[in-house]
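Spelled out, the chains give:
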Amino acid sequence: MALDPDRLFPSEQTTRAIARQLFSTVEHLPIVSPHGHTEPAWYAENAAFADPAALFVIPDHYIFRMLYSQGVPLEALGVPRTDGGAVETDARAIWRLFARHYSLFRATPSRLWFEHAMQTVFGIEERLSAANADALYDRIAETLGREDMRPRALYERFGIEVIATTDSALDDLKHHDAVRASGWKGRVVPTYRPDAVVDPDRPGFAEALARFFELTGMDETYQGYLAGHRARRAYFKARGATATDHGHPSALTADLAPGDAERLFDKVRQGVADAGERELFRAQMLTEMARMSQEDGLVMQIHPGSVRNHNGPLFERFGFDKGADIPSRTDYVHALKPLLGAVGNDPSVTIILFTLDETAYSRELAPLAGHYPALRLGPAWWFFDSADGMKRFRETTTETAGFYNTVGFNDDTRAFLSIPARHDVSRRVDCAYLAGLVRDGRLDEDEAHEVAQDLAYRLAKQAYRL
Amino acid sequence: MALDPDRLFPSEQTTRAIARQLFSTVEHLPIVSPHGHTEPAWYAENAAFADPAALFVIPDHYIFRMLYSQGVPLEALGVPRTDGGAVETDARAIWRLFARHYSLFRATPSRLWFEHAMQTVFGIEERLSAANADALYDRIAETLGREDMRPRALYERFGIEVIATTDSALDDLKHHDAVRASGWKGRVVPTYRPDAVVDPDRPGFAEALARFFELTGMDETYQGYLAGHRARRAYFKARGATATDHGHPSALTADLAPGDAERLFDKVRQGVADAGERELFRAQMLTEMARMSQEDGLVMQIHPGSVRNHNGPLFERFGFDKGADIPSRTDYVHALKPLLGAVGNDPSVTIILFTLDETAYSRELAPLAGHYPALRLGPAWWFFDSADGMKRFRETTTETAGFYNTVGFNDDTRAFLSIPARHDVSRRVDCAYLAGLVRDGRLDEDEAHEVAQDLAYRLAKQAYRL
Amino acid sequence: MALDPDRLFPSEQTTRAIARQLFSTVEHLPIVSPHGHTEPAWYAENAAFADPAALFVIPDHYIFRMLYSQGVPLEALGVPRTDGGAVETDARAIWRLFARHYSLFRATPSRLWFEHAMQTVFGIEERLSAANADALYDRIAETLGREDMRPRALYERFGIEVIATTDSALDDLKHHDAVRASGWKGRVVPTYRPDAVVDPDRPGFAEALARFFELTGMDETYQGYLAGHRARRAYFKARGATATDHGHPSALTADLAPGDAERLFDKVRQGVADAGERELFRAQMLTEMARMSQEDGLVMQIHPGSVRNHNGPLFERFGFDKGADIPSRTDYVHALKPLLGAVGNDPSVTIILFTLDETAYSRELAPLAGHYPALRLGPAWWFFDSADGMKRFRETTTETAGFYNTVGFNDDTRAFLSIPARHDVSRRVDCAYLAGLVRDGRLDEDEAHEVAQDLAYRLAKQAYRL
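Report follows, based on the coordinates. Within each chain, residues carry numbers counting from 1 in the order of the written sequence. Working convention: letters from A go to chains and numbers from 1 go to ligands, in the order in which they are written. Given that the model is predicted, a residue must reach a pLDDT of at least 70 before its local features are reported, and side-chain atom pairs must reach 80 or more before they are shown or counted; all residues, however, enter totals for whole chains, interfaces and linings. Only hydrogens and water are set aside; all other atoms, that is, all heavy atoms of the structure, feed into the side-chain values.

A few words now on the relation of the copies chain B and chain A. With an RMSD of 0.0 Å, chain B superimposes on chain A once it is rotated by 120° and translated 0.0 Å along the axis. In the structure described here, the two chain copies are related by an operation that fits a three-fold rotation axis. Among all C-alpha atoms of chain B, that of Glu12 of chain B lies closest to the rotation axis, at 3.4 Å. Mapped onto chain A, only 6% of the interface residues of chain B are again interface residues, and the two copies thus contact each other with different surfaces. Here the copies were fitted onto each other by least squares, based on C-alpha atoms from residues at pLDDT of at least 70 in both. Residues are treated as being in contact if the distance between any of their heavy atoms lies within 4.5 Å.

The following block contains the structure:
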């Protein structure tokens, strides 16, 4: 299987040569990873990863959902049940099952990421199959025991300059403190993600809110609640955070009169808000968070549009994040108007928008980001964090928003080993896109080189204030 | 005009060579046509086709709608009026009119299909024009009289292994019986399409429902109605059916409590259901049909999203299927939740989804099919059963759903002569897509060969249980 | 920077050679510009353009919105404030600011248009930068003083055969009269755009309506109002108009019973119509305008779907057309049904549809235009008047609607110097698309040549009855 050194480059020779040349100048740039989901404990404890199944299969919903879609029970893949039911615990059996279904991943990003890790981290150039499953399992398992496979060593080997984690508003960030106290020179920063205390529709909201007030010691009023957020943001910022992150069902924002917002909060706090009021509360909070960003300088990330836990029966057995979060149509133009009316014209604010609805790229997102000083477009996300998805992102946003209203790439992953692979894909796809622009006379070659650097490294660092 | 042997292949030489190589291995595979609309009477009676206009123009809404869009009256094209008005009956005059407007079809799939039939069936390599219209008419007309131009002979010449027809729930399937009784070895299977007795908004619903109860002898209750469907499905299955087919205005599904469903049915049966209730009834019936599929193993096809008979004045004169069915935005993520909650996790069920809203491919359909074991994606349909449409289908579904949550190709046509042409186009486009993946290092060449076979032949056969 | 003679052509050599050959036959065809926004006063008065900033920056919302999106205040760019606030008046300072931010325009259409004008009009082949800003300013300023840089001379140099302006229903068209009286042989025709007296939501509607009745002398009844439109249309037509133009928030149309329409008009006239009624009135007026087109033969243009003045705070300071009009999802299939029921089957009527929602191209617009005799599709518009936007337009409409239900290209611009550049881009993109069809065997080369001519020249002239 050995990775093709020209992978993801344009088919036509002249353009391919330009892409190759561009890529050679960005291939080894440091990795800036401002929006990730790796565990801070990894860097704090620096323990070895357990086994091949625990590394590649059990925690990766890209992998297990594909097998599930073809009839493989999640239990057989070792995915833990929240109801206490039994699941497979034999890592080798799980790995074999994955290997036997490996052809399902043909032409998917998971395949690209997996093989990049296999080759660059484990030195494996064979394609996984039922036949070699055991041999490869042994080889990976053996390698995982080595000192240079610990999280900190990999961080350094991957050339990571800074990595952000995503952390609950209630988190004490002790792992972040431990990392800093350890004297290790890696830079791991938290991100303030308050969804659990902002979204009344999330299971456990009431408890989370109670804990939030307890933790911050504020009055249980709207003003106390806002002050609590300010305090927690400051706590995060003091530990290196430069951004907040907000995952809402829709992009709806609101900018209510103070009295109305207070009354709404009271209903939410008392658990008597109806569906419309709960949505309105989330909407109001996006604008409040944007205002706080105006005050404290934290960059704000919004990624709306996912219908979480679509599969009811599965959710009951396995809980969150099991590959059953499905995108839906998402409006931005009407939804964001209140927030943008409040802070959109302030160039000191940075709001980074993501989408799972690609139709919004050219129709709404590029026009909005190509106008409002506070807006930037996040990269192709989740299902679209793929070679074709990234290509469509550039093709449908650049002509209206240019390159400089986008923020380069972030990898958005829990899968540590896939980080270099994802940046590799992104850099290749962007260089391929730029090469096409050079080839068809829309961009000079010296400019393409500069833009390649910007997209691979500079823009992310700058947009996230890292 | 002679067909270009490299048609629809990528422009770049290396990629083109890969595509050509892939295609050479699937070009002559048998045709599996699991979702078609040819007339069962053709195979039963095996009569000659009438004349060039009756073959290519009068029944083909792709052809006559394009001429109509440029001001040619349907009457002049011999399209029969339902109100008894006079239409052109001179086949040669109709053919000439088509020939005179032939340039309208430039770069359309109709053109590709037509010329494929002209060359491979009639040996004609000239481009149709006003100048050669008469000569070509004569040549086709003469050929049509030959024994080897009868439906059964063409079925064999085309390399069809099995073809499904689409049949009303009220159909006695006598032509299917006749085919089987004849001893001819062709395999023609029916498909259960109950829209006429499921959709209260269709003209003639009340009569159809009465006839349905009469035919099945069931009680006029909801339970009787469901039992009637079970009986008719069994009748179809005994005659070779492996699938059902459902064309609804939207993808809405429901899973009502039994009492509610019964009350709803009573209102529908009495003709007093309002628009919302009629929609709800269709929604409920999709879930009931999915449950029956769970029982009897028939594959379920859903193709929603067409606004039928958009052109009121035209509908009054010409009736159904006159090129005035227009797609509209279609939601899947919310609409399918009830049905998927009921049967979506059962890997023994196969539900094949189609769409006329391409925005759903990457946003909703691929994520759903990449998760639920019961779901598969049908190929690019109707307006998108075209080279570019098929390409977009692969480009926007593969990265999330892979190849194996799709079902290969089906031709969805009434136009018998276009069947080989459509499979030819599909195989070429898929090979072109695969060649691109090989060229840019995303797929190994041996895998591409296997996938090409799967897409051209194996997946359709397997998904439709043929 | 010197423009690449092969710009926007396909990367692959064989296809590129076909595109080059096709383009060579259309490159110098006359420009037909049936939907433009240049000032009629320019042709009437034939005065010199003021300075480089006034020519390229201050009036061009493509340019200043991009700088604004990156934090440059509009005041610093000399954009006039409607509230009387001070703005930069030093043209050279504005130009320098533009030059310093020139890299923002990488890979945008603005860049392509600007450089085309720089090279072909001013003979400048250097890329604008902070370093050469002053030198280029001087060179352009000097050139602008020359006689051959006056509007009429440029009209002739650009090879314009006819250009339409867009004019309020209340306009006396005196500049058009002056042009005709001058004996100059250029053809400048007005377009009837009645939005100001049709859309009750526009600021100043009541005054505009009063002025409309005053001007036409009709009764202040619905019949008088319609008669007023008929009179104004005739006035425009007598001055060369061949078309009307309608920019509505949505594509909604209605076809009310006469009494209902009268009552609706009375409420609108009295300013007591609610939001739904105001929308319904716009909807009704589209159908009335279509009926008038049936009577007087004026071509009707509809371009819906823009949320105007999205940025409230900015609108208060700067007013209309400041780059803050954002597209939104637009339905056509349901919205246009009433209008199409009234006139859609009449081949003597021409209604040209535009969109800012690209998802409608393949799903709704191509199927509608591929059926209704009265419908034609306008070219890729506004944000999509770009190389990639035009390519997507062809790729998603041609297979269903063909080429002949589209109307070639129009430039839709206020920026006089960008007119040749825009037609150049369009002709290149269309030739590139056609070359691809030839290369992959979907179109014969002789046909591609004919279609290239049609798209570059003939179709616009014919559709707009020029």
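Moving on: the sheet that holds strand S2 (residues 160-164) of chain B. Residue and element names in this part refer to chain B. If DSSP finds at least two bridges between two strands, the strands pair. Labels follow the DSSP assignment, with helices taken as runs of H or I lasting at least four residues and strands as runs of E lasting at least two, numbered in each case from the N terminus. Judged by pairing direction, the sheet is parallel, and its three strands sit side by side in the order S1-S2-S4 without closing on themselves. Of all strands in the sheet, those with a lone pairing partner are strand S1 (31-33) and strand S4 (188-189), marking the two edges. Taken together, the two bridges between S2 and S4 define a ladder with parallel strand orientation. Looking at the pairing, Ala164 lines up with Val189 of S4. To get an axis, fit a line to the C-alpha atoms, keeping to the stretch in contact for a helix; angles then go from 0 to 180 degrees between the N-to-C directions. Sitting on the sheet, helix H19 (residues 419-439) touches S1 and S2, and the angle it makes with S1 is about 105°.

All names here are of chain C. Of all the five residues making up strand S2 (residues 160-164), four are buried; the element is thus mostly covered by neighbouring parts of the structure. Here three bridges tie strand S1 (residues 31-33) to S2, and the two strands are oriented parallel to one another. Across the sheet, Val32 pairs through a bridge with Val162, a residue of S2. Relative accessibility thresholds used throughout: buried, under 20% of the residue-type maximum; exposed, over 50%; partly exposed, between the two (1.4 Å probe, protein chains only).

Here we take up the relation of the copies chain C and chain A. Once turned by 120° and shifted 0.0 Å along the axis, chain C lies on chain A with an RMSD of 0.0 Å. Looking at the interface residues of chain C, only 6% of them are also at the interface in chain A, so each copy uses its own face.

This paragraph deals with the interface of chain B and chain A. Contact with chain B, which involves 47 residues of that partner, is made by 47 residues of chain A. Note on chain B versus chain A: buried area summed over both sides is about 3900 Å², and carbon and sulfur give 49% of it. The buried area of a pairing is the accessible area, by a 1.4 Å probe, that goes missing from both parts when the two are put together, added over both. A per-residue breakdown of the area chain B buries against chain A is headed by Arg363, His371 and Glu399 of chain B, which together make up 19% of the total. Think of a salt bridge as a Lys or Arg side-chain nitrogen and an Asp or Glu carboxyl oxygen that are within 4 Å of each other. Scanning the region where chain B abuts chain A turns up nine salt bridges. Across the pair Asp444 of chain B and Arg127 of chain A runs a salt bridge, and its minimum N-O distance is 2.6 Å. Counting of polar contacts relies on pairs of N or O atoms within 3.5 Å, with two restrictions inside protein: one atom must be capable of donating a hydrogen and the other of accepting it, and residues adjacent in sequence are counted only when both atoms are side-chain atoms. Counting every contact that joins chain B to chain A gives 29 residue pairs in polar contact (both at pLDDT 80 or more).

Close approach of charged atoms allows side chains of opposite charge to pair. Summed over all chains, the structure comprises 144 salt bridges over all chains. The closest approach of N and O atoms between Asp385 of chain A and Arg422 of chain A, which form a salt bridge, is 3.0 Å. Note that Asp385 of chain A is positioned in the loop between strand S11 (375-377) and helix H18 (387-401) and Arg422 of chain A in helix H19 (residues 418-439), a separation of 37 residues in sequence. The class for Asp385 of chain A is buried, based on a relative accessible area of 4%. Measuring nitrogen to oxygen at the nearest pair gives 3.3 Å for the salt bridge that ties Asp134 of chain C to Arg92 of chain C. One end of the pair, Asp134 of chain C, is in helix H7 (residues 133-144); the other, Arg92 of chain C, is in helix H5 (residues 91-100), and 42 residues separate them in sequence. Arg92 of chain C gets classed as partly exposed once you look at its relative accessible area, which sits at 25%.

In summary, the pairing rule links any two rings of Phe, Tyr or Trp, Trp by its six-membered ring, whose centres are within 6.5 Å, and it sorts them by plane angle into stacked for under 30 degrees, edge-to-face for over 60 and tilted for everything else. Taken as a whole and judged by the stated rule, the model has 111 aromatic pairs over all chains. A ring pair is formed by Phe158 of chain A and Phe416 of chain A, whose centres lie 5.6 Å apart and whose planes are at 55°; its orientation type is tilted. You can see Phe158 of chain A sitting in the loop between helix H8 (151-157) and strand S2 (160-164) and its partner Phe416 of chain A sitting in the loop between H18 and H19, a full 258 residues away along the chain. There is no split in this pair, since Phe158 of chain A and Phe416 of chain A are both buried. Aromatic side chains Phe212 of chain A and Phe213 of chain A sit 6.1 Å apart centroid to centroid with 75° between the ring planes, which places their arrangement in the edge-to-face category. Judged by relative accessible area, which is 0%, Phe212 of chain A ranks as buried. We classify Phe213 of chain A as buried; its relative accessible area is 4%. Counting every residue linked through ring pairs, the aromatic cluster contains Phe56, Trp95, Phe98, Tyr102, Phe105, Phe114, Phe122 and Tyr137 of chain A. Lysine NZ or arginine CZ positioned within 6 Å of the ring centre and within 35 degrees of the ring normal marks a charge as sitting over the ring. One residue, Arg232 of chain B, lies across the ring of Tyr235 of chain B, its end atom 4.4 Å from the ring centre. Above the ring of Trp113 of chain B, the side-chain terminus of Arg422 of chain B is found at 3.6 Å from the ring centroid.

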